[in-house]
Amino acid sequence: MRICYLNYEWDLAASTGAATQIRETVAGLERLGHEVHVVARHRQPPSRPGHSARRTPNRWLWEPANYLRSATGISAETRMLRRLGPDVVLILHALRFSGLVAARTLGLPVVFQVNASVPFEIRRYRGEMRLLPGVSEWAEGRMLAAADGVTAVSRTLSGQLVNLGVPGNLIAVIPNGADPSRFHPGAADISLRGRHPGRTLVGFAGSFASFHGLEWLERAVVESAVYGPELHFVFAGPGPGAARLAERLRVQGCESRATFLGRVPYERMPAILAAMDILLAPYPPQSEFYFSPLKLFEYLACGRAVLAARLGQIAEVIDDGENGVLYDPAEPAGFVAKLVKLASDPLLRSRLGAQARRTILARYTWTHNAALLSEVLERARAASS
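Our subject in this report is the structure included herewith. (Residues numbered from 1 in each chain as written. Predicted model: local features only at pLDDT ≥ 70, side-chain atom pairs only at ≥ 80, totals over all residues. Heavy atoms only, no water.)

**As for the sheet that holds strand 6 (residues 171–173)**
What holds strands together in a sheet is hydrogen bonding between their backbones, with the strands either parallel or antiparallel. Here is the rule we go by: Strand pairing requires that DSSP identify at least two bridges connecting the strands. Numbering of helices and strands runs from the N terminus; a helix is a DSSP stretch of H or I covering at least four residues, while a strand is a stretch of E covering at least two. For helices, the axis comes from a line fit to the C-alpha atoms of the stretch in contact; other axes are also lines fit to C-alpha atoms, and the angle between any two N-to-C directions lies between 0 and 180 degrees.
Reading across from one edge, 2-1-3-4-5-6 is the order of the 6 strands in this open sheet, with parallel pairing throughout. Where the open sheet ends on each side, the last strands, each with one partner, are strand 2 (35–40) and strand 6. Ignoring strand direction, the axes of neighbouring strands in this sheet form an average angle of 20°. Pairing of strand 3 (residues 88–92) with strand 4 (residues 110–114) involves 4 bridges; the strand directions are parallel. Looking at the pairing, Ile 91 lines up with Phe 112 of strand 4.

**Structural notes on the packing of helix 11 (residues 294–301) against helix 14 (residues 346–363)**
Stated formally: By definition, residues are in contact when any of their heavy atoms lie within 4.5 Å. When residue character is reported, Ala, Val, Leu, Ile, Met, Phe, Trp, Tyr, Cys and Pro are called nonpolar, Asp, Glu, Lys and Arg charged, and the others, Gly included, polar.
The N-to-C vectors of helix 11 and helix 14 enclose an angle of 120°; their axes lie 7 Å apart at closest approach. Each of Phe 297, Leu 300 and Ala 301 in helix 11 lies in contact with helix 14, whose residues at this interface are Ala 356, Arg 357 and Ile 360. Among the residues forming the contact of helix 11 with helix 14, the class breakdown is 5 nonpolar, no polar and 1 charged.

**Examining empty space enclosed by the protein**
Let me state the cut-off plainly: Method remark: on a 1 Å grid restricted to protein atoms, a set of points is classed as a cavity if a 1.4 Å probe fits but cannot get out and as a pocket if it is open with protein on both sides within 12 Å along at least five of seven lines; lining residues have an atom within 4 Å of a point. Grid points are joined across faces, edges and corners, and a volume is the space filled by probe spheres set on the points.
Per the counting criterion, the structure on display carries 1 cavity of 30 Å³ or more. When contributions to the lining of the largest cavity are tallied by element, the ones reaching two or more residues are helix 1 (16–31), strand 4, strand 5 (149–152) and helix 15 (366–384). Looking at the lining of the largest cavity element by element, the count peaks at 3 residues for helix 15. Of the residues assigned to the lining of the largest cavity, the class counts are 6 nonpolar, 6 polar and no charged.

**Some remarks on the sheet that holds strand 12 (residues 325–327)**
Judged by pairing direction, the sheet is parallel, and its 6 strands sit side by side in the order 9-8-7-10-11-12 without closing on themselves. Only two strands of the sheet have a single partner each, and these edge strands are strand 9 (258–262) and strand 12. Shown here is a sheet whose adjacent strand axes are inclined to one another by a mean of 20°, direction ignored. Across 4 bridges, the pairing between strand 8 (residues 231–236) and strand 9 is parallel. Among the inter-strand pairings, Ala 236 is bridged to a residue of strand 9, identified as Gly 262. Contacting strand 7 (200–205), strand 10 (278–281), strand 11 (305–309) and strand 12, helix 14 runs over the sheet at an angle of about 80° to strand 11.

**A closer look at the packing of aromatic side chains**
Stated precisely, the cut-off is as follows: Here is the rule: rings of Phe, Tyr and Trp (six-membered ring for Trp) pair when centre to centre is within 6.5 Å. Planes less than 30 degrees apart are stacked, more than 60 are edge-to-face, and the remainder are tilted. Relative accessibility thresholds used throughout: buried, under 20% of the residue-type maximum; exposed, over 50%; partly exposed, between the two (1.4 Å probe, protein chains only).
Per the counting criterion, the structure on display carries 16 aromatic pairs. Aromatic pair Phe 289 and Phe 291: ring centres 5.0 Å apart, planes at 70°, arrangement edge-to-face. With relative accessibility at 3%, the residue Phe 289 sits in the buried group. On the basis of relative accessible area, Phe 291 is assigned to the buried category, the value being 13%.

See the structure below:
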């Protein structure tokens, strides 16, 4: 099957999660024998690694500008699809309708790959932005309902889309995954461990966004100090959130207990994660946790003990006490207590880590992900023929 994969992300150099998803989706589909053509339709050129090309949008103009870009992009995307001649169009959802209209103009089936409801995410996490009441929700629901197939990364997200008017039988839930040949215990950077002899290493990787639960990371470093100096924290990721966390630890005299690596090339991430003894996936209490965290699957694939929030899909993937440990986001003291317990029990960590990797191999590789997506694409193609 010949697939045109439309990417509306602005800058994959500044969005490693999207870059990983696109790269692994393409590789998985190609392993299944499909021909995939990725077409970037972001409105700004890629930046250099570590430098975002994205400018801060006007808080009132994002919504009309988004629809204007969609309308003006229809002609170019119609010509592009006519030239490529795909059997199906796969669109990484970004609330842009140009690809849908262009595909319909040519009688091509369309599948949307959805990581989030765009207006929901903007209203929850980007309070500086201003959207008109209900407009983008209406547009998103109409657009996705007009597709031949929709994939959602979590059951919670699927429920949100149904509430927007997308038929439930149109949606397939396909979680993210990991590449176990890249993320595995043997990838560990021994030199990193050697820099902290005798310490139990606790790691976190991410963008240090507000929804990553930075207060939980601070709590882990500061409060675990009362149990002794044997824990050392390694934080990998860019952003002002990391700088704020480092400053708060400095003020509390705990800066020596944490190492901040800053932005790390994705190719280096397996070596860092596999070098840890414990990996953290903290999130604050929240309703409608719709994420499918890439870090969760990559942590588990490394065969390490994972301590994560009991939220949404995390609690579906981790069986508490079997392949990881869950904490209640409403009970801060319990989070630190479980971290300390893991730190004091190497045999427990070993057992959890081994089962964690088995979980990934059984259900959550990018190969599994591609097989499920391929079925959706094939159904869309068959239904439109």
